[in-house]
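Commentary on secondary and tertiary structure
Okay, here's what each chain looks like letter by letter:
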Amino acid sequence: MPDYTIRRSDRARRLRIVVAPEGVEVVLPRRMALREAEQFVAEKRPWIERTLRAYRAAEAELPAVRLETGGQAPYLGFQLSLRVNVEPWRTRPGVTRRGGTLLVGVAEPGEEAVRDALVRWYRRRARAEIAERLDWATLRTGARYAKLQIRDASSRWASCSSTGAMSFSWRLLLAPEQVLAYVVEHEVAHLEVMDHSRRFWKLLESRSPDYREHERWLRRYGPALRTVL
């Protein structure tokens with residue numbers, strides 16, 4: 001039986017299983033008996049194990065990230081070398097890119113300090129990289145968006161509200177550039193068609209003919225991007 005955690009939810013109407021690289025979670029309606037969860041996990045065991053194997057295989061295929069001097073970090077399909085400098089006088093971390101190298105300045109040694117510095121940098125770069133592509137895509141199509149927010153990946157890589165508010169995960173910068181460009185086109189298409197109807201996919205295909213390939217990439221490698229940093 002796979003290891004799993006249980007989370008009771010007042011909002012849940014039925015039993016469901018969430019499989020992520022970090023582990024397996026069973027979401028249980030507040031008044032449902034615990035034995036229901038055990039039986040449900042047993043029934044879904046083949047699917048759970050198959051999904052976890054796929055996550056592990058995808059993680060193994062991606063270049064390893066080492067948060068130290070000599071390590072590397074992904075950036076839009078490239079691998080940037082890390083050079084870490086411990087500078088106790090620092091009040092905040094700093095990251096500067098010089099060609100294919102990231103100079104990371106931290107106040108104390110350790111992977112956690114380097115990770116925090118890199119996440120701050122990725123968030124800033126995500127706003128610049130995504131805003132440029134978003135502005136170009138909307139200018140080309142004649143659409144308009146209201147605002148842009150940069151967030152972490154939880155359940156969605158990006159979203160577009162009915163008011164035109166755009167939200168993207170900074171972790172898209174860990175993917176190839178073509179994948180980021182596709183996600184931008186996907187959300188811009190939602191400014192015209194809010195649902196995922198046949199009309200939406202036809203519109204998206206006219207702007208991103210290879211969208212199926214990028215969708216497959218995100219399905220296979222996306223979960224690993226949520227744990228790489």
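Our subject in this report is the structure included herewith. (Residues numbered from 1 in each chain as written. Predicted model: local features only at pLDDT ≥ 70, side-chain atom pairs only at ≥ 80, totals over all residues. Heavy atoms only, no water.)

1. Brief notes about the overall build of the chain
What counts is decided by this rule: A run of DSSP states H or I qualifies as a helix once it reaches four residues; a run of E qualifies as a strand once it reaches two. Both are numbered from the N-terminal end. Buried residues are those whose accessible area, probed at 1.4 Å on protein chains only, stays under 20% of the maximum for their type, while exposed residues exceed 50% and partly exposed ones sit between those limits. In what follows, a contact means two residues having at least one pair of non-hydrogen atoms within 4.5 Å.
Summing up its helical and strand segments, the chain has six helices and ten strands in all. For the chain, the spread of C-alpha atoms along the principal axes amounts to about 55 × 50 × 30 Å. Scored against the burial criterion, the 229 residues of the chain give a buried share of 43%. Partitioning the contacts of the chain with sequence separation of at least 6, the portion at a separation of at least 24 is 45%.

2. A few points about the sheet that holds strand 4 (residues 72–75)
Basically, it comes down to this: Two strands qualify as a pair provided DSSP detects at least 2 bridges between them. Helix axes use the C-alpha atoms of the stretch in contact, all axes being lines fitted to C-alpha atoms, and the angles between their N-to-C directions lie in the range 0 to 180 degrees.
Strand order in the open sheet made by the four strands is 4-5-7-6, with mixed pairing throughout. On the outer flanks of this sheet lie strand 4 and strand 6 (94–98), each paired with one strand and no other. Looking at each pair of strands side by side, their axes are set apart by 30° on average, direction ignored. In terms of strand pairing, strand 6 meets strand 7 (residues 101–106) through five bridges, oriented antiparallel. The residue of strand 7 that forms the bridge with Arg 98 is Thr 101. Packing against the sheet, helix 3 (residues 111–141) makes contact with strand 4, strand 5 (78–86), strand 6 and strand 7, and its axis sits at approximately 125° to strand 7.

3. Description of the packing of aromatic side chains
Spelled out, the test is: Stacked, tilted and edge-to-face are the three classes assigned to paired rings of Phe, Tyr and Trp, where Trp is represented by its six-membered ring and a pair needs centres within 6.5 Å; plane angles under 30 degrees give stacked, over 60 edge-to-face, the rest tilted. Whether a charge sits over a ring comes down to the Lys NZ or Arg CZ being within 6 Å of the ring centre and within 35 degrees of the ring normal.
Following the criterion strictly, the structure yields seven aromatic pairs and no others. Here the aromatic rings of Trp 121 and Tyr 122 are separated by 5.3 Å at their centres, their planes lie at 70°, and the arrangement is edge-to-face. Each member of the pair Trp 121 and Tyr 122 is classed as buried. Considering the side-chain rings of Phe 200 and Trp 201, the 5.0 Å spacing of their centres and the 80° angle between planes classify their relative orientation as edge-to-face. On the basis of relative accessibility, which here comes to 25%, the residue Trp 201 falls in the partly exposed class. It is Arg 226 that lies over the ring of Trp 157; its NZ or CZ is 4.4 Å from the centre.

Structural measurements only, silent on function.
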